[in-house]
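# Structure assessment
Chain by chain, the residues:
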Amino acid sequence: MPDLSPAQQSRAVRELLASHGRTYADEAGIRLRDTPQPLYRLLVLAVLLSARIRSTTAVATARALYDAGLRDPRRMRAASWQERVDALGSGGYRRYDERTATQLGDGAALLIEEYGGDLRRLRAEADGDVAALRGLLRRTPGLGPAGVDIFLREVQGVWPEAAPYLDAKTLDGARRLGLPDDPIRLAKLARAAGESDLAVLAAALVRTALEKPSVGGE
């Protein structure tokens, strides 16, 4: 799609935010703050979203894990493997439930052993270096490069050193709309539209990137 004029870009961003402007964390019922439990719940959500599964299923499963009481690393580690499998299955996450149950248990143990269960300590170890932050997050079982991108896209509102975190998937969504594929320019368009949390813009652009083209479209 050809680039839009500046006025058209502004309008397109406003319409995008109105239609798709909701983070995946918010959809999963996570009130994201720079505190241990919501950060851990976001990490779990990123692990779930990393698999080849519908985002709606991953979000529903994140809620199911919370409802089952598996809302922090200590409870996740203390749960039996079968309890984790059952909670994953209740959210519809059946194709990868056994493997993911193991990964969540191992990831919780790693987080407790290395950082006392607090992702803020991992952030402090990175010391503002986003590349270092990516490397530390990659140690999480089940969290590959795409999962790290998901986590950093969503957390950038409370970890501002990561912003603007608009990765290849978000920029693909921007190009589909005729918007600039430059993070700085996109951030300015979002602020002009009244949205200061770039996680919202990132989520909206990802949803656009994942949409199937309409019939007759390119």
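In short, a report on the structure.

The tally for this structure, following the rule as stated, stands at 10 salt bridges. Put simply, Arg120 and Asp118 hold a salt bridge, and the shortest N to O gap is 2.9 Å. The residue Asp149 makes a salt bridge to Arg134 at a minimum N-O spacing of 2.7 Å. Here the residue Asp149 occupies a position in helix α10 (residues 145-155), and Arg134 occupies one in helix α9 (residues 130-137), the gap between them amounting to 15 residues. A relative accessible area of 16% means that Asp149 is categorised as buried. Arg134 sits in the partly exposed class, given a relative accessible area of 24%. Several salt bridges converge on common partners, so that one network encompasses Asp34, Arg123 and Glu161.

Judged by how many residues are buried, α10 sits mostly within the fold: 9 of 11 residues are covered. Burial in α10 covers these residues: Gly147, Val148, Asp149, Ile150, Phe151, Leu152, Arg153, Glu154 and Val155. Elements in contact with the buried residues of α10: α2 (24-27), α3 (36-50), α8 (119-126), α9, α11 (168-176) and α13 (198-210).

α10 packs onto α3 with a crossing angle of 140 degrees between their chain directions and a minimal axis gap of 8 Å. Between α3 and α10, the angle falls in the class oblique. The hand of the α3/α10 crossing is right-handed. Of the residues in α10, those touching α3 at Leu39, Leu42, Leu43, Ala46, Leu49 and Ser50 are Gly147, Ile150, Phe151, Glu154 and Val155. Broken down by class, the residue content of the contact of α3 with α10 amounts to 8 nonpolar, 2 polar and 1 charged.

Taken as a whole, helix α12 (residues 183-192) has its buried residues at Leu186, Ala187, Leu189 and Ala190. An end-on view of α12 places all buried positions within 160 degrees of arc, on one side of the element. More than 90 degrees from the buried face of α12, the exposed residues found are Lys188 and Ala192. Backbone geometry just downstream of α12 places Gly194 in the positive-phi region, at approximately 90 degrees.

About the cut-offs
- Residues numbered from 1 in each chain as written.
- Predicted model: local features only at pLDDT ≥ 70, side-chain atom pairs only at ≥ 80, totals over all residues.
- Heavy atoms only, no water.
- Salt bridge = Lys/Arg side-chain N within 4 Å of Asp/Glu carboxyl O.
- Helix = DSSP H or I, 4+ residues; strand = E, 2+ residues; numbered from the N terminus.
- Buried < 20%, exposed > 50% of the residue type's maximum accessible area, 1.4 Å probe, protein only.
- Contact = heavy atoms within 4.5 Å.
- Axes fitted to C-alpha atoms, helices over the stretch in contact; angles between N-to-C directions.
- Parallel < 35°, antiparallel > 145°, perpendicular 65-115°, else oblique.
- Left-handed = near helix turned anticlockwise from the far one by under 90°.
- Nonpolar A, V, L, I, M, F, W, Y, C, P; charged D, E, K, R; others polar.
- Arc of directions from axis to C-beta.

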